[in-house]
Amino acid sequence: MPSVNDGVMIVLSSPSGAGKTTLVKMLSKMDNYEISISHTTRQPRPSETNNKDYYFVKEDVFKRLINNQEFLEYAKVFSNFYGTTRTPVIDKLNKGKNILFDIDWQGADQIKNKKLDYKLITFFILPPSREVLFERLSNRDMKDKLIAEERMKQFDRDVLHWINYDYVVINDNLEKCFSKIENLIDAEINNGSKDYDAEYIRSHVNKLIS
Ligand code: ADP
Ligand code: 5GP
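Residues numbered from 1 in each chain as written. Chains lettered and ligands numbered in written order. Predicted model: local features only at pLDDT ≥ 70, side-chain atom pairs only at ≥ 80, totals over all residues. Heavy atoms only, no water.

Q: Even after reading the chapter, I still don't get the overall build of the protein chain, so can you show me in this structure?
A: Scanning the protein chain from terminus to terminus reveals 8 helices and 9 strands. The principal-axis extents of the C-alpha atoms in the protein chain amount to approximately 45 × 45 × 30 Å. Across the 210 residues of the protein chain, 47% fall into the buried class. For the protein chain, restricting intrachain contacts to residue pairs at least 6 apart in sequence, the fraction spanning at least 24 positions comes to 69%. (Helix = DSSP H or I, 4+ residues; strand = E, 2+ residues; numbered from the N terminus. Buried < 20%, exposed > 50% of the residue type's maximum accessible area, 1.4 Å probe, protein only. Contact = heavy atoms within 4.5 Å.)

What follows is the structure, given as structure tokens:
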């Protein structure tokens, strides 16, 4: 049983470009929330800083961390490795910090299957439409149209994982989406009532994949 003094684990996943990194950063401004910084073998984007957005490492370093069993979870995503080291996360949860994870469905599955003694709330973020998603990806990865196209191809496969999450939230208006997530976290932690329409989400997913 999770102790009331321990922090809560909050996972946000989404098809690439739907806005989870932006939302995780907004959520981290709340009192007592911290982002779990992942290791990755991918190259930094111009806007990213080492040790803040990610620990950017070479593949041999990542493989050493795997061999030393330092990862709580790790996965290969778009031909790069990404992973969450266990110790910093567990230390902070034990100190009562709520930890935000910006990780893909493979990582979310691994954390879920570990059945750790901490409360876990999982969110899957969806874009309002495929067109908006492509626009967001193209704007973000401006230098490399191929990246946006590759990630759009992956969308149809990634979106199918929505079903394994506690909540699915549509990121149309950023502030509204943030506040929806904030309210759901609050309701989960404090056993409050939840404003959540699962049927609406199902029909939105159907529109996205049709
Ligand atoms: P992800 O982490 O899911 O891949 P990002 O958070 O990097 O996605 O968002 C992709 C791009 O879309 C970024 O350039 C971000 O600023 C932008 N973005 C995110 N949410 C919104 C929104 N609600 N409206 C408009 N642009 C958004
Ligand atoms: P990006 O390259 O856009 O930063 O991230 C690509 C994908 O990798 C996103 O779905 C992101 O959530 C995921 N990701 C980032 N860090 C981790 C991690 O530590 N573990 C796993 N499994 N996925 C991660």
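Q: For this particular structure, what's the right way to read the side chain of R42?
A: Take R42: it is sitting in the loop between β3 (39-40) and β4 (55-56). A polar contact is formed between the side chain of R42 and the side chain of Y82, at a distance of 3.3 Å. Setting aside its immediate chain neighbours within four residues, R42 contacts E48, Y54, F56, N80 and Y82. (Polar contact = N/O pair within 3.5 Å; in protein donor to acceptor, adjacent residues only side chain to side chain.)

Q: Just checking my understanding: could you explain the pairing of strand β1 (residues 9-13) for this structure?
A: Looking along a regular strand, one sees side chains alternate from face to face of the sheet. Here β1 lies mainly inside the structure; 5 of its 5 residues are buried. Side chains of β1 alternate between two faces, with M9, V11 and S13 and I10 and L12 buried alike. In terms of strand pairing, β1 meets strand β7 (residues 98-102) through 4 bridges, oriented parallel. Pairing of I10 across the sheet is with L100, part of β7. Direction of pairing for β1 relative to strand β8 (residues 120-126): parallel, over a ladder of 5 bridges. Paired with M9 across the two strands is L120, which belongs to β8. (Pairing = 2+ DSSP bridges.)

Q: What is the right way to read the packing of aromatic side chains from this model?
A: Any two aromatic rings considered together are summarised by their centre-to-centre distance and by the angle between their planes. Taken as a whole and judged by the stated rule, the model has 9 aromatic pairs. When the centroid spacing of 5.1 Å and the interplanar angle of 85° are considered together, the rings of Y167 and Y196 count as edge-to-face. With Y167 in strand β9 (residues 167-170) and Y196 in the loop between α7 (174-190) and α8 (198-209), this pair connects stretches of sequence that are 29 residues apart. Residue classification places Y167 among the buried residues on the basis of a relative accessible area of 6%. Taken together, the ring pairs in this structure connect F62, F71, Y74 and F81 into an aromatic cluster. Positioned above the aromatic ring of F78 is the side chain of R151, whose terminal nitrogen or guanidinium carbon lies 4.1 Å from the ring centre. (Phe/Tyr/Trp six-rings, centres within 6.5 Å; stacked < 30°, edge-to-face > 60°. Lys NZ or Arg CZ within 6 Å of the ring centre and 35° of its normal.)

Q: Mind showing me how you'd approach the site of ligand 1 here?
A: Neighbouring ligand 1 are 14 residues; G17, T21, T22, R140 and N171 lie closest to it. In the model, an oxygen atom of ligand 1 is placed 2.7 Å from a nitrogen or oxygen of the G17 main chain. One of the side-chain nitrogen or oxygen atoms of T22 is found 2.6 Å away from an oxygen atom of ligand 1. Look at ligand 1: alone it shows 560 Å² of surface, and the protein chains cover 75% of it. Among the elements of the structure, α1 (20-27) and α5 (130-140) are those that each provide at least two residues to the shell around ligand 1. (Near = heavy atom within 4 Å. Areas by Shrake-Rupley, 256 points an atom, 1.4 Å probe, with all protein chains shown as cover.)

Q: What should I look at first to understand the side chain of D158 in this one?
A: With respect to the helices and strands, the residue D158 is situated in helix α6 (residues 145-158). Although D158 is buried, it forms no salt bridge, and the closest oppositely charged side chain is R157 at an N-O distance of 6.7 Å. In this structure, D158 is in contact with P15, F78, W105 and F124, ignoring residues within four places of it in sequence. (Lys, Arg positive; Asp, Glu negative; His and termini not counted. Salt bridge = Lys/Arg side-chain N within 4 Å of Asp/Glu carboxyl O.)

Q: Mind showing me how you'd approach the site of ligand 2 here?
A: Near ligand 2 there are 16 residues, and of these S38, R42, Y54, Y82 and D102 occur at the shortest range. Interatomic distance of 2.5 Å between a side-chain N/O atom of Y54 and an oxygen atom of ligand 2. Contact between ligand 2 and D104: a nitrogen atom at 2.8 Å from a side-chain N or O atom of the residue. In the shell around ligand 2, the residues fall into 5 nonpolar, 4 polar and 7 charged. (Nonpolar A, V, L, I, M, F, W, Y, C, P; charged D, E, K, R; others polar.)

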